[in-house]
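# An overview of the molecular structure
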Amino acid sequence: MSLFEDLQQVVGEEFVLSGEEATPFLTDWRGRFTGKALAVVRPANVEEIADVVRLCQQYVTPIVTQGGNTGLCGGATPGNKGDAVVLLTNRLNNIIAIDTDNDTITVEAGCILQTIQTAAEEVGRLFPLSLASEGSCTIGGNLATNAGGTQVVRYGNARDLTLGLQVVTAEGEIWNGLKGLRKDNTGYDLRDLFIGSEGTLGIITAATLKLFPKPQAIRTALLAIKDVDAAVHVLSVLKQGFGSLLTGFELISSFCIESVRQHLPTVKIPFEVNKSPWYVLIEISDHEDQDHANQLVEKVIGNAIEQGVVQDAIIAQTVQQSNDLWHIRESIPFAEIKVGKGIKHDIAIPISQVSAFIEQTNALLQERFPGVQHIVFGHLGDGNLHYNVGAPDGQEEGFLDLQKEMNTIVYDSVARFDGSISAEHGIGQLKKDILPDYKDEIGLALMRKIKRALDPNAILNPGKVISSVELY
Ligand code: FAD
């Protein structure tokens, strides 16, 4: 028997894909990485996953776990040897339980994020993780990458929203940490070890997640701001004014909005793009009622305009208008694709330093690569910027060849500001080779020891996060 035939026996022939059927799962969302695989398997449940892992252990075969394949660092794409098994979680898509007294929802790892949001809403609760990819990404992928998104300023990232996990280990054991406890100090926190490990330490098969009261009124506004310093100041003013009701704070440059207008004409943009160089999209979630939310928004934003920190504001009056404003923000990555291949940097900077970072890094890039376009937007409320660089007009060809040098300029600058080279997308294969240049040496050595202890044969997503060459 071969591994292929053994896999067929475990999950059933129709759920072991190869050839053309496997092709869609071998390239990442951005089309930057394409790999090869021995097979793409679709187990039905945790037991089948454990069986697949035990088989791969027996044949010492790499396993690349894949959820919605929306990851932006190539973590879910196999390498080129053609010896890996890609394990899809998309058949594990059940909502296992909802406990409204405990404010928890327990779900299988292959559940689409939007399905979980809807299930929470149906019982009058909120599951606040929110990303532009929520219609296709899975909760397993969200946890494996410790996803952030647009609500982190109030609710935290995927790690903060998780109480318990079930994980299949590299040995094919099933660890049942699927608890709905808010307190559990019984030793090392295994849950937090698996969250953010990008499929390199275990396969997440289910999770118990926190639910929150569903807001009674949501208000969205787009504020015109003169510069990034002002945006940081506005954040502070709004945090004082709205307190914990401030649930979203996104920085958007006018360049990004102009790209959406030019390349995605169906997206409604109800204002003149070049009126202001910067915009901030904010969201308020109020637990009283519409009137209270309206009065508060008018008061706080009115004060900010009077103080001169906000130049102008569009306050959405209907759910549709609110969706339209968010749609502009969420369309930016899609407009970027139309603009051409850009060089992306998902970085974190202390909020107070964001303006200085942008100014200094833009200047360094312009000095070395005159005319490059700065595509800057992101979750300013948590110091997370998508600091992307586009080719100068008419110079798209060969632009990606500049990536290495450009990355060095940007990431060296991030390091000078004591920031992070990956705020929310992870490391995957995209950043694994540069991680040692920017990560604390002892921290990296500890990560290697953990990897070696939990996955001694390096079968779980080898060559991602920490390169296996460095390890073994
Ligand atoms: P995949 O892409 O399938 O996998 C990602 C990584 O997780 C891989 O390393 C994979 O091996 C591992 N993995 C997947 N499932 C499991 C599992 N069950 N167990 C163990 N490992 C697993 N990310 C953000 O954080 N914030 C954003 O705002 C955001 N916006 C985005 C917008 C767009 C348009 C797109 C395309 C992506 C965006 N992303 C964002 C990135 C992406 O959606 C997230 O990283 C998401 O969490 C990935 O989920 P997935 O199911 O698609 O995972």
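Conventions we followed
- Residues numbered from 1 in each chain as written.
- Predicted model: local features only at pLDDT ≥ 70, side-chain atom pairs only at ≥ 80, totals over all residues.
- Heavy atoms only, no water.
- Near = heavy atom within 4 Å.
- Polar contact = N/O pair within 3.5 Å; in protein donor to acceptor, adjacent residues only side chain to side chain.
- Areas by Shrake-Rupley, 256 points an atom, 1.4 Å probe, with all protein chains shown as cover.
- Helix = DSSP H or I, 4+ residues; strand = E, 2+ residues; numbered from the N terminus.
- Nonpolar A, V, L, I, M, F, W, Y, C, P; charged D, E, K, R; others polar.
- Contact = heavy atoms within 4.5 Å.
- Buried < 20%, exposed > 50% of the residue type's maximum accessible area, 1.4 Å probe, protein only.
- Pairing = 2+ DSSP bridges.
- Salt bridge = Lys/Arg side-chain N within 4 Å of Asp/Glu carboxyl O.
- Axes fitted to C-alpha atoms, helices over the stretch in contact; angles between N-to-C directions.
- UniProt positions renumbered as here; feature names shortened; annotations may be inferred.
- Phe/Tyr/Trp six-rings, centres within 6.5 Å; stacked < 30°, edge-to-face > 60°.
- Disulfide = S-S within 2.5 Å.
- Domains from an automatic or database assignment.
- Left-handed = near helix turned anticlockwise from the far one by under 90°.
- Parallel < 35°, antiparallel > 145°, perpendicular 65-115°, else oblique.

## Section: the site of the ligand
- Around the ligand lies a shell of 36 residues, among which Thr 65, Gly 67, Thr 70, Ser 133 and Thr 138 are the nearest.
- Within the side chain of Thr 70, a nitrogen or oxygen atom sits 2.7 Å from an oxygen atom of the ligand.
- The separation between a nitrogen atom of the ligand and a polar side-chain atom of Glu 424 is 3.0 Å.
- In the complex, 97% of the free accessible area of the ligand, which totals 980 Å², lies under the protein chains.
- Mapped onto the shell around the ligand, the elements with two or more residues apiece are strand E3 (63-66), helix H4 (139-144) and strand E10 (203-210).
- Examining the composition of the shell around the ligand, we find that four residues originate from one element, H4, more than from any other.
- Here the shell around the ligand is built from residues that sort into twelve nonpolar, 22 polar and two charged.

## Considering the environment of Leu 235
- Here Leu 235 shows up in helix H7 (residues 228-242).
- Apart from residues lying up to four places away in sequence, Leu 235 is in contact with Leu 246, Phe 249, Ile 351, Leu 380 and Gly 381.

## What about the pairing of strand E12 (residues 217-225)?
- Within E12, eight of the nine residues are buried, leaving the element largely enclosed by the surrounding structure.
- Pairing analysis gives nine bridges linking E12 to strand E14 (residues 278-286), with the strands arranged antiparallel. Counterpart to Leu 223 in the pairing with E14 is Val 280.
- Both E12 and strand E15 (residues 312-315) contribute to a ladder of four bridges, which runs antiparallel.

## Points about the pattern of salt bridges
- One pass over the structure, following the stated rule, counts twelve salt bridges.
- Between Asp 103 and Arg 125 there is a salt bridge, and its shortest N-O distance comes to 2.6 Å. Of this pair, Asp 103 sits in the loop between strand E5 (95-99) and strand E6 (104-108) while Arg 125 sits in strand E7 (residues 125-126), placing them 22 residues apart in sequence.
- The salt bridge involving Asp 433 is made with Lys 432; its shortest N-O contact spans 3.2 Å.
- Exposure remark for Asp 433: the relative accessible area of 56% places this residue in the exposed category.
- We classify Lys 432 as buried; its relative accessible area is 16%.
- Here the salt bridges do not stand alone but share partners, grouping Arg 159, Asp 189, Arg 191 and Asp 192 into one network.

## Description of the sheet that holds E3
- A sheet is described by the order of its strands in space; here four strands give the open sequence E1-E2-E4-E3, paired in mixed fashion. In this open sheet, the two strands that pair with only one neighbour each are strand E1 (16-17) and E3.
- Inspection of the sheet shows strand E2 (residues 39-41) paired to strand E4 (residues 85-88) by three bridges, in the parallel sense. Residue Val 41 lies in a different strand from E4, and its bridge partner there is Leu 87.
- Packing of helix H2 (residues 46-58) onto the sheet brings it into contact with E2, E3 and E4, and relative to E4 it is tilted by some 170°.

## Focus on the UniProt feature "domain: FAD-binding PCMH-type" (unreviewed entry) in the protein chain
- In this structure's numbering, the residues bearing the UniProt feature "domain: FAD-binding PCMH-type" (unreviewed entry) are residues 33-214.
- Between the C-alpha atoms that bound residues 33-214 the distance is 39 Å, and the span itself is 21% helix and 24% strand.

## Section: the packing of aromatic side chains
- Under the counting rule described, the total for this entry stands at six aromatic pairs.
- Consider the rings of Trp 175 and Phe 194, whose centres lie 5.8 Å apart with planes at 35°: the pair is tilted. Of this pair, Trp 175 sits in strand E9 (residues 174-177) while Phe 194 sits in helix H6 (residues 190-194), and the two are 19 residues apart along the sequence.
- Judged by relative accessible area, Phe 194 falls into the buried class, the value being 7%.

## Side note on the state of the cysteines
- Within this structure, the stated rule accounts for zero disulfides.
- Sulfur of Cys 73: no disulfide; nearest cysteine sulfur belongs to Cys 137 and is 14 Å away.
- Here Cys 137 stays free of any disulfide, with the sulfur of Cys 111 as its closest cysteine sulfur at 12 Å.

## Comments concerning the domain arrangement of the protein chain
- Assigned domains within the protein chain: domain 1 (3-88), domain 2 (95-213), domain 3 (217-339), domain 4 (346-416) and domain 5 (435-471).
- Just the C-alpha atoms count here: the centres of domain 4 and domain 5 sit 27 Å apart.

## Description of the packing of H7 against helix H9 (residues 290-306)
- Between H7 and H9, whose axes approach to 10 Å, the crossing angle comes to 145°. Relative to H9, H7 is oriented so that their crossing is right-handed. Within the contact between the two elements, H7 uses Val 237, Leu 238, Gly 241 and Phe 242 and H9 uses Leu 296, Val 297, Val 300, Ile 301 and Ala 304.
- Of the residues that constitute the contact of H7 with H9, the class distribution is eight nonpolar, one polar and no charged.

## Considerations on the packing of helix H11 (residues 354-368) against helix H12 (residues 403-416)
- Packing of H11 against H12 leaves a shortest axis separation of 10 Å and a crossing angle of 155°. As judged from the angle between their axes, H11 and H12 are roughly antiparallel. In this structure, H11 crosses over H12, and the sense of that crossing is right-handed. Contact residues: H11 offers Phe 357, Thr 361, Leu 364, Leu 365 and Arg 368, while H12 offers Glu 405, Met 406, Ile 409, Val 410, Ser 413, Val 414 and Arg 416.
- Residues belonging to the contact of H11 with H12 are distributed by class as follows: seven nonpolar, two polar and three charged.

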